[in-house]
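# A structural walkthrough
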Amino acid sequence: MSPQPGQIVRFGSCEVDLRAAELRRNGSKVKLPEQPFQVLAALLENPGDVVTREELRQRLWGSGTFVDFEHGLNTAVKRLRDLLGDSAEKPTYIETVPHRGYRLMVEVKRPEPPTPPIPTPLPRWKIRLVALALLVVAAAAAVVWRQQLLELFHPVKIESLAVLPLVNLSGNPDEEYFADGMTEQLITELGRVRALRVISRQSVMQYKGTNKPVPQIARELHVDAVVEGSVLRAGDKVRITTQLIEANPERHLWSESYESNLRDVIALQRDITHAIVREIRVALTPQEQQSLANMRPVSPEAYEAYLKGRYHHDKWNAEDIRKAREWFQRAIEKDPHYAPAYAGLAWTYTLSPGAWGGNSVRESYETARRLTQEAIVIDGTLAEAHMVLADIKREYDWDWVGGEEESKRAISINPSYAYAHAQYAALLSYLARHEEAIKEAKLALQLDPVSPVTNGQLGYVFYWARRYDEAIEQLQKTIDLDPNYSRAYIGLGRAYLEKGMPQKALEAVKKGNSLFFGRPGSSDLLGYAYCALGEKSEALRIADLLRMARVRGDLDATWGLARVYAGLGDNEQALEFLRKAYEEHYPSMEVIQVDPHFDRLHSDPRFQDLVRRMNFPQ
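These figures come from a predicted structure and were not determined experimentally. (Residues numbered from 1 in each chain as written. Predicted model: local features only at pLDDT ≥ 70, side-chain atom pairs only at ≥ 80, totals over all residues. Heavy atoms only, no water.)

## A look at the environment of Pro-300
- Mapping Pro-300 onto the fold places it in helix α10 (residues 300–313).
- Between the C-alpha atoms of Pro-300 and Lys-334, which are 34 residues apart in sequence, the distance is 8.7 Å.
- In contact with Pro-300, other than residues within four places in its own chain, are Leu-262 and Arg-263. (Helix = DSSP H or I, 4+ residues; strand = E, 2+ residues; numbered from the N terminus. Contact = heavy atoms within 4.5 Å.)

## So, the sheet that holds strand β6 (residues 94–97)
- Across the sheet, three strands lie side by side as β5-β7-β6; this open sheet has antiparallel pairing. Because the sheet does not close on itself, it has two edges, and the strands there are β5 (50–52) and β6. The average angle at which neighbouring strand axes cross in this sheet is 30°, direction not considered.
- Both β6 and strand β7 (residues 101–104) contribute to a ladder of four bridges, which runs antiparallel. Bridge pairing in β7 links Thr-96 to Tyr-102.
- Relative to the sheet, helix α1 (residues 34–45) contacts β5, β6 and β7, its axis offset from that of β7 by approximately 60°.
- Against the sheet, helix α2 (residues 53–60) contacts β5 and β7, and its axis sits at roughly 60° relative to β5. (Pairing = 2+ DSSP bridges. Axes fitted to C-alpha atoms, helices over the stretch in contact; angles between N-to-C directions.)

## As for the side chain of Thr-348
- Mapped onto the elements, Thr-348 comes out in helix α12 (residues 339–350).
- The exposure class of Thr-348 is buried, given its relative accessible area of 0%.
- When residues no more than four places from it in sequence are discounted, the contact partners of Thr-348 are Ile-321, Ala-324, Arg-325 and Phe-328. (Buried < 20%, exposed > 50% of the residue type's maximum accessible area, 1.4 Å probe, protein only.)

## A few points about the sheet that holds strand β1 (residues 8–11)
- Strand order in the open sheet formed by five strands is β4-β3-β2-β1-β8, and the pairing between neighbours is antiparallel. For this open sheet the edge positions go to β4 (28–31) and β8 (108–109), each flanked by a neighbour on one side alone.
- Here β1 runs beside strand β2 (residues 14–17); their pairing, made up of four bridges, is antiparallel. Pairing of Phe-11 across the sheet is with Cys-14, part of β2.
- Sheet strands in contact with α1 are β1, β2 and β8, and its direction is about 75° off that of β1.

## Section: the pattern of salt bridges
- Enumeration over the complete set of coordinates arrives at 42 salt bridges.
- Between Glu-184 and Arg-201 there is a salt bridge, and its shortest N-O distance comes to 3.2 Å. With Glu-184 in helix α5 (residues 176–191) and Arg-201 in helix α6 (residues 201–204), the pair connects residues that are 17 residues apart, well separated along the chain.
- When its relative accessible area of 10% is taken as the criterion, Glu-184 is described as buried.
- Given a relative accessible area of 13%, Arg-201 falls into the buried group.
- The partner of Glu-576 in a salt bridge is Lys-580, with the nearest N and O atoms 3.9 Å apart. (Salt bridge = Lys/Arg side-chain N within 4 Å of Asp/Glu carboxyl O.)

## Here's the deal with the pairing of β2
- Hairpin connection between β1 and β2: a loop of two residues separates the two successive antiparallel strands, and Gly-12 in this loop has a positive phi of roughly 60°.
- Where β2 and strand β3 (residues 22–25) come together, four bridges link them in antiparallel fashion. Residue pairing in the sheet places Cys-14 in a bridge with Arg-25 of β3.
- Counted along the chain from β2 to the antiparallel partner β3, the turn is four residues long, and its residue Ala-21 has a positive phi close to 55°.

## Examining helix α8 (residues 265–279)
- With 15 residues, α8 should reach 21 Å at 1.5 Å per residue; the first-to-last C-alpha distance of 21 Å fits that figure.
- Along α8, the residues that are buried comprise Val-265, Ile-266, Leu-268, Gln-269, Ile-272, Thr-273, Ala-275, Ile-276 and Val-277. (Expected span 1.5 Å × (residues − 1).)

Have a look at this one:
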């Protein structure tokens, strides 16, 4: 007997509605998960007969999908037994036939349709009334049918999505780096698809461990759909389960489980990307197809080291940058042809160059350049490598044309790369192309809407454009997102200074310093704020502290002295320290054209000569 969809089928003390995939047992009704439901349906279609494991494999997964079949089927059967109140040791419903499959042990019954009563003739007026009623019902049914047909065949319209943090199923907190890394890699692969807007890692990580419903997350991130799932690593085996959920209306579009060896995990990510792209009917360009097809295997040891490097890389503090550098170096040692590890290692040398590794500015940037070029030789389609090269060209070479070309190349490879958009916005700001910069910074914010870093970047772009009210508003929004984000307070202090509010500026700068240094500190911006308040002695005290720091080799001190002396109105000293910062190739020299603190120096020929030597377009 083969039960048909829509029937209520009874077996033992249970009954199941095959259309609704609902099980009723002892008066309780539960929704059957998809895979246990398919197992039960197969057994109901063949009561008393063995349903082989291969038949179940074809029914649950088909022949073209790579999954951990044995584990998946065992899990589905165990889940079904739990729902039925059954057990493998003393089965009531499902018998395991060793090495073959499973058998349903109980009789299956379908309720017989009731015998229709013998009709009695209706009066003519009732026949006409019934006919009229049938016409009305048919017309209404036609409208409903047409709407359902339109919904059935109307293509899914998804242009933006967020990959929520994959859940670590290992039970070991030390494995969080692996789940986070797999999330980031999936975001990166989907970000290569130009037709999709994919939310960046920084924003989605805000939802790690959250219980917010999918529609709410989608509204907050302004996306059409979300991808959620889990990752389990056991030895060199990796299993990822993912599902795609449309947000409005909320409906489940697709789900699948994949398993591979750690060596083939890159191909696994590619398979997931292709499956999602197919489901939402996005057409890949030939370049995108080629990019996804070019993924090469990686040594498991190298990949694990790389993920640990990324985990520390994303914490953005000195100690974690050192750890990230060690892990990226280890990844390269394990697999000298793994391009992302070279790009990650290069990036660590461009953050506060010289300060976090004992190298000079020149040594740091030249090391970063060598590593980046190595990454591009191995894989020219690696957006991260091109972005680091753009940073080198902008911050160290002062090659504005080259920096813009590399920024555009990184964005072309991965249009959803929020960091690339944000850094390109910074370059446009330093070139005083402010409207373009604001547009690019807002685009970065669309891709990274709840990240304090990207929100803060837009505030700084407003600041460089001298749009101080908008800068204050945006930086306050950033602080609302993350009250511990030091850079937002520093930017707020800058904007308050230009608005003629030095006391509020002083408070904001002190708060930023306490968060960054662990104390209010004696930063150059604090010295500048004291100048604005007329407290010259305090400003000179900070200048003395910066001079001592410079003697100790603090690379920030030279630039800081230039700012403090500019605030004091000592143009000679300010220009002298700007000249020294130029000779030391200090990266912050890139803002010299647009920093309001140096406006009073613009008419001096020596300042104009510095600008000319930095290759700014005239």
